[in-house]
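Okay, here's what each chain looks like letter by letter:
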Amino acid sequence: TFDSDKIIYPMRASSLARSNLSVLLYVLAEHRVKSSTSFGSSSVKFADWVEPSALEQNSALAPFVPRKSFLTKYQEQIYNPSQIKNDFTFSFAASDETYHEIQYEYVYDFAGVPIVLWLFCLVCVLPAALLLLGIIFLVRRARRRPARRRPARRAQGA
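Quick notes on the rules
For every chain, the first residue of its written sequence is number 1, and the numbers climb from 1 along that sequence. Local features in this predicted model are restricted to residues of pLDDT 70 or higher, and side-chain atom pairs are both shown and tallied only at a pLDDT of 80 or more, whereas totals for entire chains, interfaces and linings draw on every residue. Note that the side-chain values use all heavy atoms of the structure and ignore hydrogens as well as water. Should DSSP find at least two bridges between two strands, the strands are taken to pair. Only DSSP runs of H or I reaching four residues or more are called helices, and only runs of E reaching two or more are called strands; each is numbered from the N terminus. For salt bridges, the criterion is a side-chain nitrogen of Lys or Arg within 4 Å of an Asp or Glu carboxyl oxygen. When a residue's accessible area, from a 1.4 Å probe over protein chains only, is under 20% of the maximum for its type it is buried; when over 50% it is exposed; and in between it is partly exposed. Nonpolar cores were defined as sets of buried Ala, Val, Leu, Ile, Met, Phe, Trp, Tyr and Cys residues, with membership established by side-chain atoms within 4.5 Å. Every residue pair with non-hydrogen atoms within 4.5 Å of one another is taken to be in contact. Here an angle of 0 to 180 degrees is reported between the N-to-C directions of two axes, which are lines fitted to C-alpha atoms, with helices fitted over the stretch in contact. Within 6.5 Å between ring centres, the rings of Phe, Tyr and Trp (the latter by its six-membered ring) count as paired, and their orientation is classed by plane angle as stacked under 30 degrees, edge-to-face over 60, tilted in between. Charged residues are defined here as Lys and Arg on the positive side and Asp and Glu on the negative side; His and the ends of the chain fall outside this count. Whenever a nitrogen or oxygen atom comes within 3.5 Å of another N or O atom, the pair is scored as a polar contact, on the condition that within protein one atom can donate a hydrogen and the other can accept it, and that pairs from neighbouring residues in sequence are kept only if both atoms are in side chains.

Draft legend 1. How the structure looks around the sheet that holds strand 4 (residues 41-50). One open sheet holds the four strands; their spatial order is 2-5-4-7, and the pairing between them is antiparallel. The open sheet is flanked by strand 2 (21-29) and strand 7 (99-100), the only strands paired with a single partner. Relative to strand 5 (residues 69-78), strand 2 runs antiparallel, the two sharing nine bridges. If you follow L25 over to strand 5, its bridge partner there is Y74.

Draft legend 2. Here's a closer look at the pattern of salt bridges. Under the criterion given, the structure shown has two salt bridges. Across the pair D87 and R12 runs a salt bridge, and its minimum N-O distance is 3.1 Å. On the criterion of sequence distance, the pair formed by D87 in the loop between strand 5 and strand 6 (88-92) and R12 in the loop between strand 1 (7-9) and strand 2 is long-range, its members being 75 residues apart. Residue D87 is classed as buried on the basis of its relative accessible area, which comes to 14%.

Draft legend 3. Just the nonpolar core, in detail. With 12 residues, the main nonpolar core is built from M11, V23, L25, V27, A29, V33, F39, Y74, I78, I84, F88 and F90. Here this core gets four residues from one element, more than from any other, and that element is strand 2. Setting aside its immediate chain neighbours within four residues, I84 contacts M11, R12, S14, S15, L21, F39 and I78.

Draft legend 4. Looking closely at the sheet that holds strand 6. Pairing in this open sheet of three strands is antiparallel, and the strands run 1-6-3 from one edge to the other. Unpaired on one side and paired on the other, strand 1 and strand 3 (33-35) mark the two borders of the sheet. Strand-to-strand twist across the sheet, computed as the mean angle between neighbouring axes with direction ignored, equals 30°.

Draft legend 5. Spotlight on the packing of aromatic side chains. Throughout the structure, instances matching the rule amount to five aromatic pairs. An angle of 80° between the planes, with centres 5.9 Å apart, marks the rings of Y74 and F88 as edge-to-face. Residue Y74 is located in strand 5, and its partner F88 is located in strand 6; the two are separated by 14 residues in the primary sequence. This pair shows no difference in class: Y74 is buried, exactly as F88 is. One aromatic cluster is present, built from ring pairs that chain together F39, Y74, F88 and F90.

Draft legend 6. Looking closely at the pairing of strand 5. Summarising burial for strand 5: seven of the 10 residues are buried, a large majority. Note: strand 4 against strand 5, nine bridges, orientation antiparallel. Among the inter-strand pairings, W49 is bridged to a residue of strand 5, identified as F70.

Draft legend 7. Spatial organisation of the side chain of E76. Of note, E76 is situated in strand 5. Nearest to the buried, unbridged E76 among oppositely charged side chains is K45, at 11 Å. A distance of 2.7 Å separates a polar atom in the side chain of E76 from the backbone nitrogen of G40.

Any functional reading would require information beyond the geometric quantities listed.
Structural data, given as structure tokens:
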């Protein structure tokens, strides 16, 4: 935190880095800010108003929010640090448009699967299994029974 007419984040020393850099900045100001400089691919991850009454007392942000302020979460991926010739500078955006990044998390819920499996078993597998058992029972029963011999017919007139 500092008093200044400009919002600046020092970056020039980072030009000596030997690998990619990921910079994540939270800018708390009177309005939404936009970056005036970029050294790689940049994006806004969050932009919205924050109020002291909405923050939990043990929140890390609470000491920095004495009144309603605009929080902009800014991320920059720098793939070639030697391109850094300046510091990050921010200016106020044309509007205080809010933005919340949506992250999709795919959760495979297996809790509902047993119900579906039971229904499948009751409707499809159980009747098929009963039919198969019935056929097996009849075939075995037929094999166990000796063939009935019919009495021989006597020729007429004998």
